[in-house]
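Here are the chains, one letter per residue:
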Amino acid sequence: MDYYDPKDLKRFSEMGKFGQELMKKFLDYYNAATGEDGALTKREKALIALAVAHVKQCPYCIDAYTTQCLETGSDPEQMTEAIHVAASMEAGITLIHGIQMHNALEKQGAL
Amino acid sequence: MSQAHALKRKIVSIDPSDEVKYNFYKTLGDKRQELPPLGIDTLQVNVTRLCNQSCVHCHVDASPRRTEQMDLDTANRCLEILGEHQQIKNLDITGGAPELNPHFDHLVREAVKLCKHVMVRHNLTVTIDGNPVTGESKSYLPRFYAENGVEVISSLPYYQEYFTDKQRGKGVFEKSIQAILLLNAVGYGRDDSGLVLNFVYNPAGVFLPPPQKSLESDFKRELQRKYGIVFNNLYTITNMPINRFKQQLKKLDAYDEYMTRLVNAYNPAAAEGVMCRSLVSVGYDGRIFDCDFNQMLDLEIRGSGKPMTVFNFDYEGLTRRRIIFASHCFGCTAGSGSSCGGATA
């Protein structure tokens, strides 16, 4: 059996079992932030969520937001570009930390 | 006859276990809804199952190998019905590729003479491909449509090649663009021409269609930018879980997931606008059904113990009938709804 079972996504609300009020607050917030048109459209929000899902490597979110992107009108080309934005951000974030390495090298007199 | 009896009698293409799991009548009961006929303003006529394409989603299972054709007597009887009933304002001709029926041009011309609004479900590529059996050219179609003021309604699953060819076959997108440009050249899709060109989007997979208006904006922007194409409206429709698409769902082990999504997305407002309340569908053999989907499932309307056909057509009886619903009807009532004219809510 896989550690991540796709069917578990449907059990998400069970997280309210020992904290119903907090779970309700979370779901209200989550649905308002991701599931409604606002200053950003639902389609734009779905593409952002898809990118975040890949950065955080959440299989549930990748499944859910692949569908959400398609159902809000995005196509595979646009979805792939969203993932490239996420991937390039991750690369840039890794590389900018190289400056910290430079600072450390400097402290040690090696730079 | 009760709806349950009507359903039991002719369940040749329906899996009874699906009807238990995805029970449309129960949902109607739970929502306290009834969906009686409102009248018949459209006679939808399926004149052939022959098609030059073999699309993966096709609920008709149309292809170049199909041979079913409406004969001249049946087509003429449809025209008589149109002439006898002023209430029926529209003739909606579908297939297959309806232009591959030998009596298609006659049907269009005569219906126009009766002052009926004629709509044709035109797959675009037949203009380029011609008849796959006889090789007969169909390049006259754009001019023919314009001369007869036909409303052209064409499947175009996406404004890019990828989704279109995946669903309709390799090379279909390119040929569709050629055919649309020919329609534009005779005036179709231009605001001042009166010649209406509508496109139909359906999802290229196991998901529901995006909102119609926003997708229409994308289609208009991208088709204009890339090809200079203009059109009037985009209709979004949901893939029906029957025939070829149902087989695809089963193959992907996604049938239950898809049905659950449709059931959970049931929208009472969309249900109010289902097309079976205002049209009847005529098969190539003259039998009459509640819609094109019921036709493909052989869920025929009966009157006086026998199938109702165009030869014993009874307008009043049809407006009093009980529409036959089954699990596939959730496809028309999910989300924003789905009909031959796109979203219903």
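Below or above, wherever it landed, is the structure these notes cover. This is a predicted model, so every value here is computed, not measured.

Calculation rules
Residues numbered from 1 in each chain as written. Chains lettered and ligands numbered in written order. Predicted model: local features only at pLDDT ≥ 70, side-chain atom pairs only at ≥ 80, totals over all residues. Contact = placed C-beta atoms within 7 Å. Helix = DSSP H or I, 4+ residues; strand = E, 2+ residues; numbered from the N terminus. Nonpolar A, V, L, I, M, F, W, Y, C, P; charged D, E, K, R; others polar. Pairing = 2+ DSSP bridges. Axes fitted to C-alpha atoms, helices over the stretch in contact; angles between N-to-C directions. Buried ≥ 20, exposed ≤ 12 C-beta atoms within 10 Å, placed from the backbone.

Concerning the interface of chain B and chain A
A common way to state how big an interface is: give the accessible area lost once the parts meet. Each partner contributes residues to the interface: chain B has 11 residues there, and chain A has 7 residues. For the side of chain B that touches chain A, the elements supplying multiple residues, two or more each, are α8 (161–168) and α10 (212–227) of chain B. If one sorts the elements of the side of chain B that touches chain A by residue count, α10 of chain B sits on top with 3 residues. Considered class by class, the residues forming the side of chain B that touches chain A number 8 nonpolar, 2 polar and 1 charged.

Quick word on the sheet that holds strand β8 (residues 288–289) of chain B
Residues and elements named next belong to chain B. Spatially, β6-β5-β4-β3-β2-β1-β7-β8 is the arrangement adopted by the 8 strands of the open sheet, whose pairing is mixed. Two strands in the sheet have a free side with no partner beyond their single neighbour: β6 (233–236) and β8. Across the sheet, helix α4 (residues 72–84) is in contact with β1 (42–46), β2 (90–94) and β7 (279–282); its angle to β1 comes to roughly 175°.

Quick word on unusual backbone geometry
In terms of backbone geometry, most residues other than glycine have negative phi values and most peptide bonds are trans. All names here are of chain B. Phi at R32 takes a positive value of approximately 55°, unusual for a residue other than glycine. As for its placement among the helices and strands, R32 is situated in the loop between α3 (24–30) and β1. Phi at L124 takes a positive value of approximately 75°, unusual for a residue other than glycine. With respect to the element layout, L124 can be found in the loop between β3 (117–121) and α6 (126–129). Residue L124 is classed as buried on the basis of its 26 C-beta neighbours within 10 Å.

Description of helix α5 (residues 98–107) of chain A
With 0 of 10 residues buried, α5 of chain A lies mostly on the surface of the structure. A positive phi of about 75° marks G109 of chain A, the residue just after α5 of chain A.

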